[in-house]
Number of protein chains: 2
Amino acid sequence: MNAALATLCIKRVGIDTWRESVAFLHRDCPVVRAAGFQALAKVTVRANGQTIAAVLNVVDDACIVDPLELGLSEEAFDRLGVAGGHPAHIEHAEPPPSIATLHRKIAGERLSRDDLMAVIADIAAARYSKIELAAFVVATNQYELDRDEVLHLTEAMIAVGQRIDWRHDVGAGPIVDKHCIGGIPGNRSSMLVVPIVTAHGMLCPKTSSRAITSPAGTADTMEVLAQVELPLQRLQQIVRETRGCLAWGGSADLSPADDILISVERPLAIDSPGQMVASILSKKIAAGSTHLVLDIPVGPTAKVRSMPDAQRLKRLFEYVAQRLGLHLDAVITDGRQPIGRGIGPVLEAVDVMQVLGNHPDAPHDLRQKALHLAGRMIEFDPDVRGGDGWRIARDILDSGRALAQMNLIIDAQGRRNAVLEPAPLIFELRAAADGMVVGIDNLRLARIARLAGAPQVKDAGVWLAHALGDRVQAGDLLYRLHARYDADLEFARRMALADGGYRIGRAEDLPHGFTGNGAGT
Amino acid sequence: MNAALATLCIKRVGIDTWRESVAFLHRDCPVVRAAGFQALAKVTVRANGQTIAAVLNVVDDACIVDPLELGLSEEAFDRLGVAGGHPAHIEHAEPPPSIATLHRKIAGERLSRDDLMAVIADIAAARYSKIELAAFVVATNQYELDRDEVLHLTEAMIAVGQRIDWRHDVGAGPIVDKHCIGGIPGNRSSMLVVPIVTAHGMLCPKTSSRAITSPAGTADTMEVLAQVELPLQRLQQIVRETRGCLAWGGSADLSPADDILISVERPLAIDSPGQMVASILSKKIAAGSTHLVLDIPVGPTAKVRSMPDAQRLKRLFEYVAQRLGLHLDAVITDGRQPIGRGIGPVLEAVDVMQVLGNHPDAPHDLRQKALHLAGRMIEFDPDVRGGDGWRIARDILDSGRALAQMNLIIDAQGRRNAVLEPAPLIFELRAAADGMVVGIDNLRLARIARLAGAPQVKDAGVWLAHALGDRVQAGDLLYRLHARYDADLEFARRMALADGGYRIGRAEDLPHGFTGNGAGT
């Protein structure tokens, strides 16, 4: 009757449980009956010398697992790395060692470096359930982490991941990077900054994310023009050849604990300063950057809503970066409205290529922002005088050298011969009254562009006809929705009609008080 | 190409997702591809005029669902209440209306009555995902709810559930009840209190829970002797006949939001004062009680660790009860050690029947505690003088009237002819040194009893040979483990040998400072 130690047979169950390892046992499995397992119990699965933690789902359908099978979700199966049909054992999991530490944080205690190392190690090893992850995210959001806790959280996230070292590829000299904390639709300055600074001769191996809650990430937009899913070795080769890249960072396993935490931060829409700093800096340091320009947009519908908040966040970034030996130049920019005209991968790629080509219609705000940030990065070059960066960047862009460099990078990554044509189904939102555009809601426009299909549908999104401060007359076009499917257009149209995200008013209603040093001002 | 509005075919997927509604769509389902659904997205399912919220799992195995099927977990299928094969539509869910309120609580704001009504209504309608529930539980745990928030939370929980009204069955007079906040193994005083107070002529329709994290709930132990899963109508009939019952409260749907919150509080092991008060009082009021004796055990390994904490909790219970018109007598008792000798359903039933039978070996502490609590309940009787309750309770017990009354209730619910014999596999833990028992860890013993198989294995558990203050010699029996399966005995034995939960020391090491008015002192 050694039921709880009975041997079960591994079966891969084709369910994508998104970062949570799930074990499926039949209700009549002798282990379930004898050892009193309940649904959602945490279990340890052992097979062929491998061990993983998983959450138990009880199954009543023998087609999914029969009573002598141990089903594993795709995530769990991949983590265990043992073939289907192999014998396995299951037992009650001891709680992860750091759960007591989690409870101390929930109770409001400050955590030490060792505490955070233990928590992050357990998270990276997938020993936390979704609800334990949510508890950690909320607890570290509520009792705001102090700056040493943020430092230790960042260190812990770096410690559990891979780390790229460019030094033996390229010798000394800065490894530069640029990052935006996000939240501004259409903000594709990375795709301009990388060709400019690499044309200047700097090394800039830029890895980007895909969209999580936005209508496009840099990786999504770059993918319109070139391959972005590149194995690490290929990526290093491209950087050696062209000094830069614009690749997706997802396969590099740079900060695996962060990737897991994001799986609950995203649906909870929680992005606290401490988590943001640890997430961004751990990935940059793991990617081998030595110098980083950080873009912090401020505005009423940006992630950071006020200048004091932006200053506080900037100081937190600076403190952690300095302790970890990363040179950081944090720039507070205008985040009151989207950047450029397009929102969505193809529409943003059009903006980028117009700026690179010095096209007369190229969006001025995107050009200015890119020159501003590229200039700051160029000033990381010890041979450049402070204040000369912007001019150098402008010369590179105006001379066509940035475009030539972009074409080099695109060819190195693998050019895609995309037609940069927005999706054919259209809805146009028009001004209901005469007046001035006094408010544009970043969040609303991002949501409308997503409903239209972006980023999955590459050529879907929004094309903006007007920016803050523009005078419009009733009936003038405010923006155009582009979609590929009727249903998507209908969802997006309904949302745009309910609240289009544009506010028309009088000049004195324009949001003021923004005094950032960004290009938009 | 109206893909997102395409009709899918409902299929019940036999997976028990424990209070979370899950929808399973194949990765090649046209809706998934066109509308950009991601794993864990929240969706709205519509079929035959019914609507439910669900979380999406993406499936790669057509045996589970094919690309034109919409799979529903058992929970989701039951909630929707539409037959398999029926056509259904799926779309992106709007976030539940109260999510903005949840974020305000996460940010530390105080919530109003309307706020809490909205949150609890969404929770009861299963519109919150597991991680949103976890966020609510952690947020209300951290920024401790003020007493009006607890009042409103309790009211909201009552408002979304069923409510039993005994008045037309029994006329006026108190409807008495007794509840313990939990955490003390073996504490089965309800099974003594109900026969005593109903023998006195009071109405006491006691509904109890099954064990959640403990080795036995009152419902588990009563189930050794009688049926406890009774439909509401049958339960009311029994109460009319015998004045009392000892039934499982789970099928009555008295506080559905609480049942859902418990599904995350349990694995997180979070039980904050506000949540505890709202959970207990909402269920008591929904069950129709007018007078409640509440047992708050205090001890180093009890839920409440110090007398000031107990007093604070008592005042919070009193405030909310008073506002809701419930007469409450909260009693702080000795929670330094388990009550009685048995831990586990059969072992506890033995204790109970010994006390009812006035057996010479009956555990004195259990008898004293039951008399103490029953006495307080009897004093709710307007014809009983303050201070007389204990004597009346003792007379009822000593005269055998309590035993007779228990037999009436058992017969009315449906007697089970159980042999009250503990499980045959045994491990004995013995004292390692001479000395006095100066500490018994409630949590450790509960955990060991659970590993031995309790409560699923009814006759498994722990039998305690010694209590606090007993002198023992090296080699004396401390407790005996009972198990039915080798593996269970082995798990429990290993844990008992690692740390048995008993501390042997000198008389001066006994925990002191406890000055409660419980029967144990």
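So, a few notes on the structure that sits alongside this text. Just so it is clear, the structure is predicted and the values come from calculations on it, not from any experiment.

### A short note on the interface of chain B and chain A
1) Next: Listed by partner, the interface residues are 58 residues for chain B and 58 residues for chain A.
2) Next: Of the roughly 5,000 Å² buried at the junction of chain B and chain A (both faces included), carbon and sulfur atoms supply 59%.
3) Next: At the boundary of chain B and chain A, one finds 4 salt bridges.
4) Next: Two residues, A:Arg27 and B:Asp16, come together in a salt bridge whose shortest N-O distance is 3.3 Å.
5) Next: Taken together, the links from chain B to chain A amount to 8 residue pairs in polar contact (both at pLDDT 80 or more).
6) Next: Those elements that provide at least two residues to the side of chain B that touches chain A are β2 (15-16), α1 (30-35), β5 (50-59), α3 (99-106), α5 (130-142), α11 (256-268), α18 (442-451) and α19 (486-498) of chain B.
7) Next: Ranked by residue count, the leading element in the side of chain B that touches chain A is α5(B), at 9 residues.
8) Next: When grouped by side-chain class, the residues that make up the side of chain B that touches chain A number 33 nonpolar, 10 polar and 15 charged.
9) Next: When strand β5 (residues 50-59) of chain A meets β2(B), the two strands line up antiparallel, connected through 2 bridges. Bridge pairing in β2(B) places A:Val58 opposite B:Asp16.

### Concerning the nonpolar core
1) Next: With 110 residues, the main nonpolar core has A:Ile123, A:Ile296, A:Phe317, B:Ile123, B:Ile296 and B:Phe317 as its most contacted residues.
2) Next: In this structure B:Phe317 touches B:Ile181, B:Met276, B:Val277, B:Ile280, B:Leu281, B:Leu294, B:Ile296 and B:Leu328, once residues within four positions along its chain are discounted.

### Some remarks on the relation of the copies chain B and chain A
1) Next: When chain B is brought onto chain A, the operation consists of a screw motion whose angular component is 180° and whose axial shift is 0.0 Å, with 0.0 Å RMSD remaining. The transformation just described matches what one would write down for a two-fold rotation axis. Judged by C-alpha distance, B:Ile131 is the residue of chain B that lies nearest the rotation axis, at 2.6 Å.
2) Next: Most of the interface of chain B is mirrored in chain A, where 100% of its interface residues again form contacts.

### Digging into the pairing of strand β7 (residues 87-92) of chain A
Residue and element names in this part refer to chain A.
1) Next: For strand β1 (residues 8-12) and β7, the ladder comprises 2 bridges, and the chain directions are antiparallel. Bridge pairing links Leu8 to Ala88 in β7.
2) Next: Across 4 bridges, the pairing between strand β4 (residues 42-47) and β7 is antiparallel. Paired with Val43 across the bridge in β7 is His92.

### Points about the packing of aromatic side chains
Residues and elements named next belong to chain A.
1) Next: Tallying each qualifying case throughout the model produces 2 aromatic pairs over all chains.
2) Next: Note on Tyr479 and Tyr502: the rings are 5.6 Å apart at their centroids and 50° apart in plane angle, and the pair reads as tilted. Of this pair, Tyr479 sits in strand β18 (residues 477-483) while Tyr502 is found in strand β19 (residues 502-505), placing the two residues 23 residues apart along the sequence.
3) Next: Look at Tyr502 and you get buried, because its relative accessible area is 12%.

### Thoughts on the pattern of salt bridges
Between side chains of opposite charge, a pair can form when the charged atoms approach closely.
1) Next: In the structure shown here, the tally under the stated rule is 75 salt bridges over all chains.
2) Next: Between A:Arg506 and A:Glu508 there is a salt bridge, and its shortest N-O distance comes to 3.8 Å.
3) Next: The partner of B:Asp295 in a salt bridge is B:Lys369, with the nearest N and O atoms 2.7 Å apart. With B:Asp295 in strand β11 (residues 291-298) and B:Lys369 in helix α15 (residues 364-378), this residue pair connects regions lying 74 residues apart in the sequence.
4) Next: Relative accessible area serves as the criterion here: at 0%, B:Asp295 is assigned to the buried category.
5) Next: What makes B:Lys369 buried here is its relative accessible area of 4%.

### Quick look at helix α16 (residues 389-398) of chain B
Three or four residues apart is the spacing at which side chains of an α-helix point the same way, because the helix has 3.6 residues per turn.
All names here are of chain B.
1) Next: Buried residues of α16: Gly389, Ile392, Ala393, Ile396 and Leu397, and no others. Angularly, the buried residues of α16 cover 135° about the axis, an arc narrow enough to put them on a single face.
2) Next: At its buried positions, α16 is contacted by α8 (190-199), α14 (345-356), α15 and α17 (401-413).

### Examining the sheet that holds strand β16 (residues 461-464) of chain B
Residue and element names in this part refer to chain B.
1) Next: Taking strand neighbours across the sheet as the criterion, the 4 strands line up as β13-β16-β18-β14 in an open arrangement whose pairing is antiparallel. Two strands close off the open sheet at either side, each with one partner strand: β13 (342-343) and β14 (425-430).
2) Next: Bridge count between β16 and strand β18 (residues 477-483): 4 bridges; the pairing is antiparallel. Bridge pairing in β18 links Gly461 to His482.

### With respect to the packing of helix α5 (residues 130-142) of chain A against α11(B)
1) Next: Relative orientation of the contacting elements α5(A) and α11(B) amounts to 80°, with a least axis distance of 10 Å. In terms of orientation, α5(A) lies roughly perpendicular with respect to α11(B). Each of A:Ile131, A:Glu132 and A:Ala135 in α5(A) lies in contact with α11(B), whose residues at this interface are B:Val264, B:Pro267 and B:Leu268.

### Details of α11(B)
All names here are of chain B.
1) Next: Relative to the 18 Å expected for 13 residues at 1.5 Å per residue, α11 spans 19 Å between its end C-alpha atoms, a close match to the ideal helical length.
2) Next: Maximum bend of α11: about 30°, positioned at Ile262.
3) Next: Counting buried positions along α11 gives 12 out of 13 residues, so the element sits mostly inside the fold.
4) Next: Of the residues making up α11, those classed as buried are Pro256, Ala257, Asp258, Asp259, Ile260, Leu261, Ile262, Ser263, Val264, Glu265, Arg266 and Leu268.
5) Next: Where α11 terminates, the next one or two residues include Ala269, which has phi positive at roughly 55°.

### Observations regarding empty space enclosed by the protein
1) Next: For the coordinates displayed, the defined rule picks out 5 cavities of 30 Å³ or more.
2) Next: The calculated volume of the largest cavity comes to roughly 130 Å³.
3) Next: Lining the largest cavity are 15 residues; nearest its centre among them are B:Glu20, B:Ser21, B:Ala126, B:Tyr128 and B:Ser129.
4) Next: Looking at the lining of the largest cavity, the elements that each hand over two or more residues are β5 and α5 of chain B.
5) Next: With 3 residues, β5(B) is the single largest residue contributor to the lining of the largest cavity.
6) Next: Considering only enclosed or pocket space, the second largest cavity measures out at about 70 Å³ in volume.
7) Next: As for the second largest cavity, its lining consists of A:Arg19, A:Glu20, A:Ser21, A:Lys42, A:Ala53, A:Ala54, A:Val55, A:Ala126, A:Arg127, A:Tyr128 and A:Ser129.
8) Next: Looking at the lining of the second largest cavity residue by residue, the classes come out as 5 nonpolar, 2 polar and 4 charged.

### Some details on the sheet that holds strand β12 (residues 327-334) of chain B
Residues and elements named next belong to chain B.
1) Next: Pairing within the open sheet is parallel, and its 3 strands lie in the order β8-β11-β12. Looking at the sheet topology across the chains shown, the edges are occupied by β8 (176-180) and β12. Neighbour to neighbour, the strand axes of the sheet diverge by 20° on average, direction disregarded.
2) Next: Of the pairings in the sheet, the one linking β11 to β12 comprises 8 bridges and is parallel in character. Across the sheet, the residue bridging to Pro297 is Thr333, located in β12.
3) Next: In the packing of helix α12 (residues 273-286) onto the sheet, contacts are made with β8 and β11, and the angle to β8 comes to roughly 160°.
4) Next: Where helix α13 (residues 307-323) meets the sheet, it contacts β11 and β12, and its direction lies at approximately 165° from that of β12.

### Considerations on the environment of B:Gly387
Residue and element names in this part refer to chain B.
1) Next: By the secondary structure assignment, Gly387 is in the loop between α15 and α16.
2) Next: By relative accessible area, which is 57% here, Gly387 ends up exposed.
3) Next: Sequence separation between Gly387 and Arg376 is 11 residues; the distance between their C-alpha atoms is 8.5 Å.

What counts as what
Residues numbered from 1 in each chain as written. Chains lettered and ligands numbered in written order. Predicted model: local features only at pLDDT ≥ 70, side-chain atom pairs only at ≥ 80, totals over all residues. Heavy atoms only, no water. Contact = heavy atoms within 4.5 Å. Buried area = accessible area lost by both parts, 1.4 Å probe. Salt bridge = Lys/Arg side-chain N within 4 Å of Asp/Glu carboxyl O. Polar contact = N/O pair within 3.5 Å; in protein donor to acceptor, adjacent residues only side chain to side chain. Helix = DSSP H or I, 4+ residues; strand = E, 2+ residues; numbered from the N terminus. Nonpolar A, V, L, I, M, F, W, Y, C, P; charged D, E, K, R; others polar. Pairing = 2+ DSSP bridges. Core = buried A, V, L, I, M, F, W, Y, C linked by side-chain atoms within 4.5 Å. Buried < 20%, exposed > 50% of the residue type's maximum accessible area, 1.4 Å probe, protein only. Least-squares fit on C-alpha atoms with pLDDT ≥ 70 in both. Phe/Tyr/Trp six-rings, centres within 6.5 Å; stacked < 30°, edge-to-face > 60°. Arc of directions from axis to C-beta. Axes fitted to C-alpha atoms, helices over the stretch in contact; angles between N-to-C directions. Parallel < 35°, antiparallel > 145°, perpendicular 65-115°, else oblique. Expected span 1.5 Å × (residues − 1). Bend = angle between axes of the 7 residues up to and from the residue. 1 Å grid on protein atoms, 1.4 Å probe; cavity = no way out; pocket = protein on both sides within 12 Å on 5 of 7 lines; lining within 4 Å. Points joined across faces, edges and corners; volume = space filled by probe spheres on them.

Any functional reading would require information that these geometric values do not contain.
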